[in-house]
Amino acid sequence: MIDYADEDVGNIVLLEHVNLQVPDQSLAILFYIVGLGFTRDPYFNIGLRNMWANVGEQQFHLPTRPVQVLHGHMGIVVPDFDALKERLASVEEGLAGTKFSWSVKADHIAVTCPWGNRFQCYAAGSSFGDMALGVPYVEFLIAPDRAAGIARFYDQVLGAPATTESGKQGTLARVKIGRNQSLIFREANESAEYDGHHLAIYVANFSRPYNFLKSRGLISEEVRNHQFRFKEVVDPENGSGVFLVEHEVRSLHHPMYRRFLVNRDPLESARRYRRGRDALIPYTD
Ligand SMILES: [Fe+2]
C-alpha cells in the first residue's frame, strides 16, 4: 500500500538564507556574483556595507564585517555545470592570493570562497526535486556522539522530521526542510569555534518551539517582526547543549516570507544576448 509519506513536509518549511560576514565586498562580488553566478538582490541591501546574493529561492547575506566561516559546507544546485566551470575559471586571477579554489569531483564541483567557506555545487536533477538553482542543504561538522541528540531537537522541538544515519561516511543527523531542503549534521573529529554566522528558517508552528526555548532560557533575541533567534541546540532528553549555530526563526506572517527573489541568467551578456531571456526561472521543467 502506498502511504504517500513523500507528500508530507515538516514544520520547517523553508531554509531561506545563510548569513556569512565578509571583510571585502569587491571580492565577495567577484566570488558570489561573477564566479558562482548568483544575483545581487537589486532592492536591498545595496551599497558597500552589505550584499544579499539571490540563489533561486535562497539567499546569502554578506555583511561587511570580520570574516565568518561555516564549519562544514553548503550545497548548491546550478542549472548548468559547464557554465559554472567557465565562470569559476574566469575569477581565478581576480581571487588569486585568497583561499579561493575549485575542483571537479565525481558528482559535484567543490568550491572554496576567498575566506574558506566551502560549497559543493551539483547539477539540477531528480535528487533535488524541481530545484534548478538554490541551496538544497547546509552540512555542519559536529563533535562525535552528537547526531542523535541533534536529531531529537529538530524532531521534537522544531517539529522537523529528523533521522540519524550511520555508514561508511560516519554518523549524521538529517533534518528535512520543506519539499526539497535539509540540514545535515555530520560527526567529525575536527572542531572549530562557532563564530556567529546564522541561518534563517520559516516555521509553520512558531509558538511551540518558541515556548520550549523560552522556558529553558534559550531565546537569544526576543520576538520582533514575527521572528526570534536562538543559538543553542539542546538534546530534549537531558537539556544538554549539543551544537551552536544561530537560527533566525520566522513565522509565515513575516513580511518577507516567500518574497519574490530576482534571479538573472548569468549566461546573458552583451555579446551573447538573447532577447527576453535575462531572467532565470529557478525550477526544472
Ligand atoms: Fe539573517
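Now for a quick tour of the structure. (Residues numbered from 1 in each chain as written. Predicted model: local features only at pLDDT ≥ 70, side-chain atom pairs only at ≥ 80, totals over all residues. Heavy atoms only, no water.)

Check the secondary structure of the protein chain and you find four helices and 16 strands. Here the protein chain has a C-alpha radius of gyration of 19 Å; the compact-globule value for 285 residues is 19 Å, and the two agree. Along the first, second and third principal axes, the C-alpha set of the protein chain runs to 60 × 45 × 45 Å. Within the span of the protein chain, comprising 285 residues, buried residues form 50% of the whole. Looking at the protein chain as shown, the accessible area adds up to about 14100 Å², and 50% of this sits on carbon and sulfur atoms. (Helix = DSSP H or I, 4+ residues; strand = E, 2+ residues; numbered from the N terminus. Rg over C-alpha atoms; globule rule 2.2 N^0.38 Å. Buried < 20%, exposed > 50% of the residue type's maximum accessible area, 1.4 Å probe, protein only. Areas by Shrake-Rupley, 256 points an atom, 1.4 Å probe, with all protein chains shown as cover.)

This next bit is on the environment of Gly196. The topology assignment puts Gly196 in the loop between strand E12 (181-187) and strand E13 (198-203). Among the residues examined, Gly196 registers a relative accessible area of 29% and is labelled partly exposed. Remark: the alpha-carbon pair of Gly196 and Leu20, spanning 176 residues in sequence, is separated by 8.5 Å.

Next up on the list: the nonpolar core. In terms of nonpolar packing, the biggest core is built from 69 residues, with Tyr32, Phe60 and Tyr154 touching the most fellow members. For this core, the element with the most residues is helix H3 (residues 147-157), which contributes six residues. Not counting residues within four places of it along the chain, the set of residues in contact with Phe60 comprises Val18, Leu20, Tyr32, Phe38, Met51, Trp52, Ala53, Val55, Met74, Ile76, Phe119 and Val135. By size, the runner-up hydrophobic cluster in this structure holds seven residues, among which are Val77, Phe128, Tyr137 and Ile184. (Core = buried A, V, L, I, M, F, W, Y, C linked by side-chain atoms within 4.5 Å. Contact = heavy atoms within 4.5 Å.)

Let's shift gears to the sheet that holds strand E7 (residues 109-112). Taken together, eight strands build an open sheet; the order of strands is E6-E7-E8-E5-E9-E12-E11-E10 and the sheet is mixed. If you trace the sheet from one side to the other, it starts and ends with strand E6 (101-104) and strand E10 (162-167), each paired once. For this sheet, the mean inter-axis angle between neighbouring strands, taken without regard to orientation, is 20°. Each of strand E9 (137-142), E10, strand E11 (170-177) and E12 touches H3; the most contacted strand, E10, lies at about 160° to it. (Pairing = 2+ DSSP bridges. Axes fitted to C-alpha atoms, helices over the stretch in contact; angles between N-to-C directions.)

Around the iron ion, the protein contributes the donor atoms His17 (NE2), His198 (NE2), Glu248 (OE) and Glu248 (OE), which lie 2.1 to 2.5 Å from the metal centre. Every donor residue of the iron ion comes from the same chain, spaced as H-x180-H-x49-E. Of the two residues, His198 is situated in strand E13 and Glu248 in strand E16 (residues 241-251); the sequence distance between them amounts to 50 residues. The same class applies to His198 and to Glu248, which are both buried. (Donors = N, O, S within 2.8 Å, 3.2 Å for Na, K, Ca; no water.)

Spatially, the eight strands line up as an open sheet ordered E2-E3-E4-E1-E13-E16-E15-E14, and their pairing is mixed. Edge positions in the sheet fall to strand E2 (39-40) and strand E14 (219-224), since each of these pairs with one other strand and no more. Where E2 lies against strand E3 (residues 52-55), two bridges are found, and the strand directions are antiparallel. The residue bridging Arg40 from the neighbouring strand is Ala53, located in E3.

Considering the arrangement of structural elements, one finds Ala28 in helix H1 (residues 25-35). Judged by its relative accessible area of 0%, Ala28 falls in the buried class. C-alpha separation for the pair Ala28 and Pro63, spaced 35 residues apart in sequence, amounts to 10.0 Å. Apart from the residues lying within four places of it in its own chain, the contact partners of Ala28 are Val22, Ile33, Met51 and Trp115.

In this section: the side chain of Asn117. Structurally, Asn117 can be placed in the loop between E7 and strand E8 (118-123). Within the local environment of Asn117, its side chain forms a polar contact with the backbone oxygen of Gln68, the two atoms lying 3.0 Å apart. Polar side-chain contacts of Asn117 include one of 2.7 Å to the backbone nitrogen of Leu70. Once you skip the residues sitting within four places of it in the chain, Asn117 turns out to touch Leu20, Gln68, Val69, Leu70, Met74, Val111 and Thr112. (Polar contact = N/O pair within 3.5 Å; in protein donor to acceptor, adjacent residues only side chain to side chain.)

By themselves, these are just geometric observations and shouldn't be taken as functional.
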